[in-house]
Every structure is written in structure tokens, then in C-alpha cells.
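Take a look at the letters that make up each chain.
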Amino acid sequence: MAPPFLRRMPRVRRAVRAGRVRGQQAALHWRALSAGRRMLPHFIVIGAQKAGTSSLFEYLCAHPDVLPPFRKEVHFFDNAFERGERWYRAFFPRASAAARRDGRPAAVTGEASPYYLFEPRVPERAHALVPGARLIALLRDPVERAFSQYEHSRRKGLETRTFEEAIEEELRELPGEVERMLADPGYRSPLHQHRAYLARGCYAEQLERWSRWYPRERILLVRSEDLFADPARAFGRVLEYLGLRPFTPPGFAAHNSHPYRSRLRPETRAFLERYYAPHNARLREWSGNAIAW
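The notes below deal with the structure included here.

Definitions and cut-offs
Throughout, a residue's number is its position along its own chain's written sequence, starting from 1. With pLDDT at 70 or above as the cut-off, local features in this predicted model cover only qualifying residues; side-chain atom pairs require 80 or more to be listed or tallied, and sums for whole chains, interfaces and linings still use all residues. The side-chain numbers reported here are obtained from all heavy atoms of the structure, hydrogens and water having been left aside. Any Phe, Tyr or Trp ring, taking Trp's six-membered ring, that has another such ring centre within 6.5 Å forms a pair; planes under 30 degrees apart are called stacked, those over 60 apart edge-to-face, and the others tilted. By the criteria applied, helices consist of DSSP H or I runs no shorter than four residues and strands consist of E runs no shorter than two, each listed in order from the N terminus. Under the scheme applied here, a residue whose accessible area is under 20% of the maximum for its type counts as buried, over 50% as exposed, and between as partly exposed, the area being computed with a 1.4 Å probe on protein chains only. Only when the NZ of Lys or the CZ of Arg is both within 6 Å of the ring centre and within 35 degrees of the ring normal is a charge said to sit over the ring. Only strands that DSSP links by at least two bridges are regarded as paired with each other. In this description, contact between two residues means that some pair of their heavy atoms is separated by no more than 4.5 Å. A fitted line through C-alpha atoms serves as each axis, taken over the contacting stretch for helices, and the angle formed by two N-to-C directions is quoted from 0 to 180°. A helix is expected to span 1.5 Å multiplied by its residue count minus one. Here the arc refers to the directions that run from the helix axis out to each C-beta atom. In plain words, nonpolar cores are sets of buried Ala, Val, Leu, Ile, Met, Phe, Trp, Tyr and Cys residues tied together by side-chain atoms within 4.5 Å.

Evaluation of the coordinates by the stated rule reveals 24 aromatic pairs. With a centroid separation of 5.1 Å and an interplanar angle of 50 degrees, the aromatic rings of Y150 and F163 are classed as tilted. Pair noted here: Y150 is in helix α7 (residues 142-155) and F163 is in helix α8 (residues 163-183), with a separation of 13 residues, a long-range link. Under the relative-accessibility criterion, Y150 is labelled buried at 4%. Chaining the aromatic ring pairs together yields one cluster made of F70, F76, F77, F81, W87, Y88, F91, F92 and Y116. Sitting over the ring of Y241, R134 keeps its end group 5.0 Å from the ring centre. The lysine or arginine in question, R216, covers the ring of W286, its NZ or CZ lying 3.9 Å from the ring centre.

Here we take up the sheet that holds strand β1 (residues 43-47). Here five strands make up an open sheet; going across it, the order is β2-β3-β1-β4-β5 and the pairing parallel. Bordering the open sheet on either side are β2 (66-67) and β5 (219-223), each of which pairs with just one other strand. Pairing of β2 with strand β3 (residues 108-112), which is carried by two bridges, proceeds in the parallel orientation. The residue bridging L67 from the neighbouring strand is T109, located in β3. Packed on one face of the sheet, helix α3 (residues 53-61) meets β1, β2, β3 and β4 (134-139) and runs near 165 degrees to β1.

In this section: α7. Between its terminal C-alpha atoms α7 stretches 20 Å, which fits the 20 Å expected from 14 residues at 1.5 Å a residue. By the criterion of burial, α7 is predominantly enclosed, with eleven of the 14 residues buried. Every buried residue of α7 is accounted for by P142, V143, R145, A146, F147, S148, Q149, Y150, E151, H152 and S153. Residues of α7 that are buried sit in contact with α8, α9 (190-194), α10 (203-211) and α13 (266-287).

Every buried residue of helix α6 (residues 122-129) is accounted for by V122, P123, R125 and A126. Down the axis of α6, the smallest arc covering the buried residues is 165 degrees, so these residues share one side.

To continue, consider the nonpolar core. Judged by nonpolar contacts, the single largest core of 56 residues is most densely connected at I44, F77, L139, L207 and W210. Top contributing element to this core by residue count: helix α12 (residues 231-242), with six residues. Discounting chain neighbours no more than four positions away, the residues touching I44 are F77, Y88, E111, Y116, V130, A133, R134, L135 and I136. Counting residues in hydrophobic clusters, the runner-up holds 13 residues, among them F147, F163, L198 and C202.

Now for the pairing of β1. Summarising burial for β1: five of the five residues are buried, a large majority. Where β1 and β3 come together, three bridges link them in parallel fashion. In the strand pairing of β3, F43 is matched with G110. Bridge count between β1 and β4: four bridges; the pairing is parallel. Within the sheet, the bridge partner assigned to G47 lies in β4 and is A137.

So, in C-alpha cells, the structure goes:
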């Protein structure tokens, strides 16, 4: 987050942000020169957005056997696939950095791009490059997740409509966007990525798509509510799944969490609960009753 004095000076803030982006691009350019000696991710946190992915990723990166990437959200398989494997590898550590001399397994690395779960073209692309990766899906009560995403979009200046106006427009326009995305591999949809408040919570459909490319045992499901309520226990499950030794980070602080500017109307909540009922039932069946709200 920008310091208070920068928040009062938008031109300076934009200049600082532009300078930071240029610096990152220059660093990636040099890292790409050694792409052939760099790792690919052993694990990917694929989503969902506003479900605790930032917190989980921070906990993982604190583990002594996890080598952090250049940044958390690489967005290669959704928004930068045309850049190619060398560009993707530039985000990860050199393979030599993972070597162990004490008898323990080599260190691992990974990334977390929450749009991966929802973007329909990602599973096939990911499987083509990292078929052995372990996937982690954080799933939050879709009602709470939808409104949290809306508040996130408002805070970032991407949304000016009421929540009710936004979901009404989504129901009308999103299906056409998905059809266009599937027909055109190069098409990117701002509506699909940033304003699909309802559809992102239809988890079963998204997981079924992933399971066509990855076996079920390679997809770990974690309820966000479990991570929020008992982070040590939920994190322990993740470590066991990744084959990492037990570890407790310095703290289990919540990351990327902000207060809401508005409240979800009771009548809108009732609509969302009715809307998600069949999708939640489908998820319970897919997960063997492992996930339910």
C-alpha cells in the first residue's frame, strides 16, 4: 500500500508505480537469460479470488523449504501465455538454489494466480507445461466471496455500479464473453476477469474442468473458513499434501484484507443463497461431501 503522502499525490503515485513496473520488467529480462536453468512450479494456488490465497501464499513462502517466486501472481496461463515458457521460468529460482546437502528433499517453488481456477483455458495450458504440479484451491462461501470481490473492485476503482446492478448485468452479458474466449485463444475479457461476481462462485463447474486434465488427488480443496478459523491446522494439511515438513510461520496474519464500504442487502443475500444452492449441491457431490456451506 502506498504511504499516506503518496495517496494524496496521484501524479507522484502513478510515476512511482510506473518506475516500479519498469524496474520489474528489467529484472525479468535479465532473469529470462538464465531461464533454462530455472525451475518450474511444483505447486500452484489456483484460486479462488478473495478466498485467502494471499494469506496462504505468504505462509508457504515463509517455509524454509519453499523458494518464493519473483512475485505471487504470475498470470502466465491466463493473461500472458503467448510470452512463452522462457518468460514464465524467469519468475522462478534457479534449480541450483533448490539443491540440498543435508539429506532432505530439494526445495520447491510455486505461484498463486487466483484467476487460474476460473479462466476456462487455463487447465489445458497448465497441464501442457507442468503436468506434475500440485494444485491448491481455496474455496470460500460463494455468497461472501461474491460480495467481497465486488468490494475489492470498488476499492480498486474498477466498479461504480451497485452490487445488484452488477450481478444483473453479469447474468445478461457473461455467457457471450465465455463463448468468445473459447472461440478465440487470444481474447481477454475484462468482464470475465474482474466483474464475474456470481460465476466465480460456481466452483463445481470449474473443478470439473480442472479434473479433466489433472487427477483428483492432485487438487487439494481447502475451505477458506477453515483457514480463517484455524490457520495452523489448515496450513498443516497443505504442508502434508505438498510433502513438506511441519512448520509454523512467524504469524498467521490475514493478508490483503480490507474493511467493506457497504453492506450486503438481506434480499440480495437471499437471492444469492437460492442461486448458489444447486451449485453447492454439485460441489458437495464432486468433493465427496468434503466441501459444504
